[in-house]
Amino acid sequence: MSFRAAVITFPGSNCDRDMAVAIEQVSGSAPLRVWHGDADLPDGLDFIALPGGFSYGDYLRSGAMAANSPVMRSVKAAAERGVPVLGVCNGFQVLTEAGLLPGALMRNASQHFICRTVPLKVENAQSLFTSGYEAGETINIPVAHHDGNYFADDEALDRIEGEGRVAFRYAENCNGSRRDIAGVLNAAGNVLGMMPHPERAIEPAHGGTDGRKLFEAALKALA
Amino acid sequence: MKIRVLVSLKPGVLDPQGRAVHHALEGLGFEGVEDVRIGRTVELDVADGTSDEALDEMCRKLLANTVIENYRIEKVG
């Protein structure tokens, strides 16, 4: 079975290749590479990934410019059709700016750029991205960000939590995120945004393989 | 027509940058600084007759993130 995935590259993306390699490692199929200026996505996609990086140099706000690039109209349409969309780090920021996920990612509370592996608690193990984990399990995934401090107002947070849309929480809150939120799902469960980088924890040489199950779950959900 | 858009963090949204600058001001010996909040100014030069609605839409769609920010539009000439 071939897994037809696409990795979107914006000017300033720098984890697009990592994402593509991770998807190929797990699925056996090299993902299509899509440029931000492409108005149309390839047909029949099984999975769309928005990678980490500093799209448009973080001008205005992280992810704000990329959220309005031509390809994002097609990503929104695909998300509405139910195509799985994963946004990691800057990809998460783009998804919130595009309105596909609630909340916003602000400057880390410490003001520091954080680059280290952090423990995460799997909160929702039912989604197509997280079904390979056990609810409550702790996994270790690297973070590398300056703007990962998740904010939403109390009403939005209550709603997200009430609907089981918190995918991951920081076991140690590294950036000030409200209610320790590290990853959020959309209402339909087919869009996941997360600050930690699962594509950097795929094989033992990476120092850990806890990210692999996320891609395996997405592959399994398709089959 | 010159427009100035002032974007500020909503009350209640923590401003780590403002807090760091607050500490720096105190470090410089300035007393009585109660709070510091950092925002952004966007200066636009738009066609005369650009509607208020269009300006408002620019703010909502791009210049401000209304999840965390408020904005104020000023016509400066």
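Everything in this summary refers to the structure shown in the same document. (Residues numbered from 1 in each chain as written. Chains lettered and ligands numbered in written order. Predicted model: local features only at pLDDT ≥ 70, side-chain atom pairs only at ≥ 80, totals over all residues. Heavy atoms only, no water.)

Glancing now at the pattern of salt bridges. Here the structure, examined in full by the defined rule, presents 20 salt bridges over all chains. With a shortest N-O distance of 3.7 Å, A:Lys121 and A:Glu123 are connected by a salt bridge. When its relative accessible area of 36% is taken as the criterion, A:Lys121 is described as partly exposed. Residue A:Glu123 is classed as partly exposed on the basis of its relative accessible area, which comes to 29%. Put simply, B:Lys61 and B:Glu57 hold a salt bridge, and the shortest N to O gap is 3.1 Å. With B:Lys61 and B:Glu57 both in helix H2 (residues 52–63), this residue pair falls 4 residues apart, about one helical turn. The exposure class assigned to B:Glu57 is partly exposed, which follows from its relative accessible area of 35%. Within the structure, one salt-bridge network assembled from shared partners comprises A:Lys121, A:Glu123, A:Asp154, A:Asp158, A:Glu161, A:Arg169, A:Arg178 and A:Arg179. (Salt bridge = Lys/Arg side-chain N within 4 Å of Asp/Glu carboxyl O. Buried < 20%, exposed > 50% of the residue type's maximum accessible area, 1.4 Å probe, protein only. Helix = DSSP H or I, 4+ residues; strand = E, 2+ residues; numbered from the N terminus.)

For the rest of this paragraph, the subject is the interface of chain B and chain A. Counting from both sides, the interface comprises 16 residues of chain B and, opposite them, 14 residues of chain A. For the pair chain B and chain A, the two sides together bury roughly 1200 Å², of which 64% comes from carbon and sulfur. For the interface between chain B and chain A, the tally reads 1 salt bridge. A salt bridge links A:Arg61 to B:Glu69, with the shortest nitrogen-to-oxygen separation between them at 3.8 Å. For the pair chain B and chain A, the number of links is 5 residue pairs in polar contact (both at pLDDT 80 or more). Elements with a minimum of two residues in the side of chain B that touches chain A: helix H1 (16–27) and H2 of chain B. If you tally residues by element for the side of chain B that touches chain A, the top one is H1(B), at 4 residues. (Contact = heavy atoms within 4.5 Å. Buried area = accessible area lost by both parts, 1.4 Å probe. Polar contact = N/O pair within 3.5 Å; in protein donor to acceptor, adjacent residues only side chain to side chain.)

Residue and element names in this part refer to chain A. Tallied over the full model, the rule gives 4 aromatic pairs over all chains. Ring centres of Phe92 and Tyr150 lie 6.0 Å apart, and the angle between their planes is 15°; on these two criteria the pair is classed as stacked. Of the two residues, Phe92 is situated in helix H3 (residues 90–97) and Tyr150 in strand S8 (residues 149–151); the sequence distance between them amounts to 58 residues. The pair Phe92 / Tyr150 is uniform in exposure class, with both members buried. Plain terms: the ring middles of Tyr133 and Phe168 are 6.1 Å apart, the flat faces sit at 80° to each other, and that makes the pair edge-to-face. With Tyr133 in the loop between strand S6 (114–122) and strand S7 (138–145) and Phe168 in strand S9 (residues 166–170), this residue pair connects regions lying 35 residues apart in the sequence. Judged by its relative accessible area of 4%, Tyr133 falls in the buried class. Accessibility expressed as a relative area gives 1% for Phe168, which makes it buried. Through a chain of ring-to-ring contacts, the aromatic side chains of Phe3, Phe47 and Phe129 assemble into a single cluster. (Phe/Tyr/Trp six-rings, centres within 6.5 Å; stacked < 30°, edge-to-face > 60°.)

Despite not being glycine, A:Asp58 has its phi angle at roughly 60°, a positive value. Its place among the elements puts A:Asp58 in the loop between strand S3 (47–50) and helix H2 (70–81).

Residue and element names in this part refer to chain A. The 9 strands are arranged S2-S1-S3-S4-S11-S10-S9-S6-S7 in an open sheet whose pairing can be described as mixed. Either end of the sheet is taken by a strand with one partner, and the two such strands are strand S2 (32–35) and S7. Averaged over neighbouring strand pairs, the angle between their axes works out to 25° when direction is ignored. Relative to S7, S6 runs antiparallel, the two sharing 8 bridges. Note on S7: the bridge partner recorded for Leu120 is Ile139. (Pairing = 2+ DSSP bridges. Axes fitted to C-alpha atoms, helices over the stretch in contact; angles between N-to-C directions.)

Structural measurements only, silent on function.
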